[in-house]
Amino acid sequence: MRKSLRSGCRGRTDRRRPRAGLAAVTAAVLAATGVLAGCDSLGGSSSGTASKSTGPSPRPTPVWDRAPASVAAVGDSITRGFDACVVLADCPEVSWATGTDMEVRSLSLRLLGAPALKQRSWNHAVTGARMADLPGQMAQAAQHGPELVTVMVGANDACRDSPKQMTPVEDFRTSFEASMRQLRAGAPKAQVYVSSVPDLKRLWSTGRGNPLGRQIWKLGICASMLGDSQDMSEPAQRRRAVVYDRVVAYNKVLEDVCAKDLRCRYDGGAVFDYRFTGEQLSHWDWFHPSKNGQSRLAEIAYRNITAADPPA
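Residues numbered from 1 in each chain as written. Predicted model: local features only at pLDDT ≥ 70, side-chain atom pairs only at ≥ 80, totals over all residues. Heavy atoms only, no water.

**A look at the sheet that holds strand β4 (residues 191-194)**
Strand order in this open sheet of 5 strands is β2-β1-β3-β4-β5, and the pairing throughout is parallel. Whereas interior strands pair on both sides, the edge strands pair on one side only; in this sheet they are β2 (121-123) and β5 (264-266). Neighbour-to-neighbour, the strand axes of the sheet open up by a mean angle of 15°, direction not taken into account. The sheet contact formed by β4 and β5 spans 3 bridges and is parallel. Pairing of V192 across the sheet is with C264, part of β5. Docked against the sheet, helix α9 (residues 169-186) engages β3 (148-152), β4 and β5, running at close to 155° with respect to β4. (Pairing = 2+ DSSP bridges. Helix = DSSP H or I, 4+ residues; strand = E, 2+ residues; numbered from the N terminus. Axes fitted to C-alpha atoms, helices over the stretch in contact; angles between N-to-C directions. Contact = heavy atoms within 4.5 Å.)

Here it is, written out as structure tokens:
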């Protein structure tokens with residue numbers, strides 16, 4: 001077999017012509033007819049083209065505009081500024097995402113500036129909303145064709161009358177995936193900034209030292225975590241640990257689903273890790289962010305959105 005391959009590639013030797021001249025002529029003829037490519041080498045390509053790498057294709061570079069020109073916000077009472085201005089009422093003007101208050105300096109105010117804020121930012125968050133409500137909010141947000149959509153939701157999924165009533169993790173995931181599909185159907189190029197769910201156990205630890213806060217919590221605010229706030233028995237601590245673990249699981253879902261979308265950026269757990277103090281909590285319920293707390297949330301979002309790289 002080897003002998004026939006050599007003879008097929010080299011041809012016969014004409015003793016009447018110099019070897020160098022014959023080799024040049026033969027090479028030219030074979031190259032012109034395409035035969036030379038087939039005799040490249042044993043095991044080589046017979047098509048004349050370099051073999052392609054069989055390794056995995058590189059992941060596309062994420063697309064991220066650090067200066068979006070319009071913002072739509074979806075989520076729950078935190079994004080509505082609930083209990084930040086007056087008791088038991090929304091105060092969207094101090095919302096971390098789209099507020100107009102110059103003291104808070106919302107994300108939209110920092111990105112767009114005051115003149116464009118009212119024309120190019122929209123707040124579709126709803127107090128009391130859970131993840132199951134997010135697909136509808138996303139559909140509303142998509143109608144504006146925003147360049148950026150902010151998402152902060154999940155606290156109400158964990159804040160129930162008891163841990164048994166918390167939203168199952170898989171249901172949480174299903175609703176968030178549906179929300180992203182809903183947005184992409186109407187606004188395929190919109191960027192999405194996803195905030196982590198706050199650490200409810202840390203809020204409990206911070207607010208439980210305030211006598212007024214303890215009395216208000218007895219009205220039923222986030223009973224799964226804040227109920228019987230002074231009870232340090234083993235069952236009470238176990239209950240709070242269950243709620244804490246569920247919030248951690250929710251944040252893992254937010255991170256995982258967001259990572260599958262090239263135009264989505266998760267905050268890396270920045271809000272969950274933030275150590276809210278009494279100054280950052282509403283003095284009406286010692287749970288929702290105060291104006292100061294809303295400003296801190298705006299700072300976190302602005303820093304992460306305008307960063308060259310996503311949070312670690």
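**Regarding the confidence of the model for the protein**
Taken as a whole, the protein shows an average pLDDT of 86; of its residues, 80% reach a score of 70 or greater. Here residues 1-53 scores under 50 on pLDDT; set against residues more than four positions off or in separate chains, the count is 18 contacts. (pLDDT = per-residue confidence, 0-100.)

**Things to note about the packing of aromatic side chains**
This structure, assessed with the given rule, holds 3 aromatic pairs. Where Y244 meets F272, the ring centres are 5.8 Å apart and the plane angle is 50°; that geometry is what we call tilted. Of this pair, Y244 sits in helix α13 (residues 234-259) while F272 sits in helix α14 (residues 270-273), and the two are 28 residues apart along the sequence. Residue classification places Y244 among the partly exposed residues on the basis of a relative accessible area of 29%. With a centroid separation of 4.9 Å and an interplanar angle of 80°, the aromatic rings of Y274 and F276 are classed as edge-to-face. On the basis of relative accessible area, Y274 is assigned to the partly exposed category, the value being 24%. Since its relative accessible area comes to 9%, F276 is described here as buried. Stacked on the ring of Y244, the Lys or Arg K201 has its end atom at 6.0 Å from the ring centre. (Phe/Tyr/Trp six-rings, centres within 6.5 Å; stacked < 30°, edge-to-face > 60°. Buried < 20%, exposed > 50% of the residue type's maximum accessible area, 1.4 Å probe, protein only. Lys NZ or Arg CZ within 6 Å of the ring centre and 35° of its normal.)

**Some points on the environment of L226**
Relative to the helices and strands, L226 is located in helix α12 (residues 223-226). Its relative accessible area of 1% is what places L226 among the buried residues. In this structure, the C-alpha to C-alpha distance between L226 and R214, residues 12 residues apart in sequence, is 8.5 Å. L226 has contacts with W204, W217, I221 and F287, leaving out every residue within four places of it along the chain.

**Looking at the layout of surface pockets**
Within this model, the largest pocket holds a volume of roughly 490 Å³. Together, 31 residues line the largest pocket, and N156, I221, C222, F287 and H288 are the ones closest to its centre. Within the residue set of the lining of the largest pocket, elements represented by two or more residues are α4 (77-80), α8 (155-158) and α10 (200-207). Here the lining of the largest pocket is built from residues that sort into 19 nonpolar, 6 polar and 6 charged. (1 Å grid on protein atoms, 1.4 Å probe; cavity = no way out; pocket = protein on both sides within 12 Å on 5 of 7 lines; lining within 4 Å. Points joined across faces, edges and corners; volume = space filled by probe spheres on them. Nonpolar A, V, L, I, M, F, W, Y, C, P; charged D, E, K, R; others polar.)

**Regarding the pattern of salt bridges**
One pass over the full model with this rule turns up 9 salt bridges. Across the pair D101 and K291 runs a salt bridge, and its minimum N-O distance is 3.4 Å. With D101 in the loop between α4 and α5 (107-112) and K291 in helix α15 (residues 291-306), the pair connects residues that are 190 residues apart, well separated along the chain. (Salt bridge = Lys/Arg side-chain N within 4 Å of Asp/Glu carboxyl O.)

**What about the nonpolar core?**
Ranked by internal contacts, the top residues of the largest apolar core, which has 64 residues, are W96, V151, V194 and L200. With 7 residues, the single largest contributor to this core is α13. Here V194 is in contact with V151, F176, L254, C258, C264, R265, Y266 and D267, once residues within four sequence places are set aside. (Core = buried A, V, L, I, M, F, W, Y, C linked by side-chain atoms within 4.5 Å.)

**Description of the packing of helix α7 (residues 134-142) against α9**
Two numbers describe how α7 lies on α9: the axes approach to 8 Å, and their chain directions differ by 15°. Taken together, the axes of α7 and α9 are roughly parallel relative to one another. Where α7 crosses over α9, the two elements pack in a sense that is right-handed. For the pair formed by α7 and α9, the contact residues are L134, P135, M138, A139 and A142 on the first element and S175, F176, A178, S179, M180, Q182, L183 and G186 on the second. For the contact of α7 with α9, a count of residues per class yields 9 nonpolar, 4 polar and no charged. (Parallel < 35°, antiparallel > 145°, perpendicular 65-115°, else oblique. Left-handed = near helix turned anticlockwise from the far one by under 90°.)

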